[in-house]
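# Architecture and fold: a report
One letter stands for each residue in the lines below.
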Amino acid sequence: MKQENIILDKSKRFALRIIKLYKYMISEHKEYVLSKQILRSGTSVGANVREAVRGQSTADFYAKFNIALKEAEETLYWLELLHESGYIETTHFTDIYEDCKEITKILMAITKKQKS
């Protein structure tokens, strides 16, 4: 039976939402620069989380989680820009932004354990 890992699951679901957002941005708005940035940072969160749980050492584990946290913060920034520039309506923005904030909080809690 597969063991549940909340941050792995949430970051992967988030990456899939980011991919859908990217497709929407290029097909509906013909926007290729900001959409590419959010695609990179938004999918990188889950990729780094996945690498972290397979880390070779404790230091590697925390290093990858710190990178995932930085990518999540960057994704929040791109989401804010897309919303404030009118590319994403408030109804769509709020939900995906809250998901990203939740992932950021989980990653912050994980990386704080390293400092303890």
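Let me sum up the structure you'll find in this document. (Residues numbered from 1 in each chain as written. Predicted model: local features only at pLDDT ≥ 70, side-chain atom pairs only at ≥ 80, totals over all residues. Heavy atoms only, no water.)

The final tally for this structure, using the stated rule, is five salt bridges. For the salt bridge of glutamate 51 with lysine 64, the shortest nitrogen-to-oxygen distance reads 3.1 Å. Within this pair, whereas glutamate 51 is found in helix α2 (residues 33–53), its partner lysine 64 is found in helix α3 (residues 58–84), the two being separated by 13 residues in sequence. Among the salt bridges present, the one from glutamate 98 reaches lysine 101, with a minimum N-O distance of 3.6 Å. Separated by three residues within a single helix, glutamate 98 and lysine 101 lie in helix α4 (residues 90–115), roughly one turn from each other. For glutamate 98, a relative accessible area of 39% translates into the label partly exposed. Overall, lysine 101 belongs to the partly exposed group, its relative accessible area being 29%. Here the salt bridges do not stand alone but share partners, grouping Arg17, Asp95 and Asp99 into one network. (Salt bridge = Lys/Arg side-chain N within 4 Å of Asp/Glu carboxyl O. Helix = DSSP H or I, 4+ residues; strand = E, 2+ residues; numbered from the N terminus. Buried < 20%, exposed > 50% of the residue type's maximum accessible area, 1.4 Å probe, protein only.)

The subject of this paragraph is the packing of α2 against α3. In a pair of packed helices, the angle between the axes and the distance between the axes together describe the arrangement. In contact at an axis separation of 8 Å, α2 and α3 are set at 155° when each is read in the N-to-C sense. Taken together, the axis directions place α2 and α3 in an arrangement best described as roughly antiparallel. Our pair here, α2 against α3, has a crossing hand that is left-handed. On the side of α2, the interface is formed by Leu34, Gln37, Ile38, Ser41, Gly42, Ser44, Val45, Asn48, Val49, Glu51, Ala52 and Val53, while α3 contributes Phe61, Lys64, Phe65, Ile67, Ala68, Glu71, Ala72, Glu74, Thr75, Trp78, Leu79 and Leu82. Along the lines of polarity and charge, the residues of the contact of α2 with α3 split into 14 nonpolar, six polar and four charged. (Axes fitted to C-alpha atoms, helices over the stretch in contact; angles between N-to-C directions. Parallel < 35°, antiparallel > 145°, perpendicular 65-115°, else oblique. Left-handed = near helix turned anticlockwise from the far one by under 90°. Contact = heavy atoms within 4.5 Å. Nonpolar A, V, L, I, M, F, W, Y, C, P; charged D, E, K, R; others polar.)

A separate point is α2. Because each turn of an α-helix spans 3.6 residues, side chains separated by three or four positions end up pointing in the same direction. Compared with an ideal rise of 1.5 Å per residue, which puts 21 residues at 30 Å, α2 spans 31 Å between its outermost C-alpha atoms and is within 8% of the ideal. Of all the bends in α2, the greatest, near 30°, is centred on serine 44. (Expected span 1.5 Å × (residues − 1). Bend = angle between axes of the 7 residues up to and from the residue.)

What follows concerns the environment of valine 49. Note that valine 49 resides in helix α2. The exposure class assigned to valine 49 is buried, which follows from its relative accessible area of 0%. The spatial distance from the C-alpha of valine 49 to the C-alpha of leucine 107 is 9.0 Å, given a sequence separation of 58 residues. Those residues in contact with valine 49, other than ones at most four positions away along the chain, are Ile7, Leu8, Ser11, Phe65, Ala68 and Leu107.

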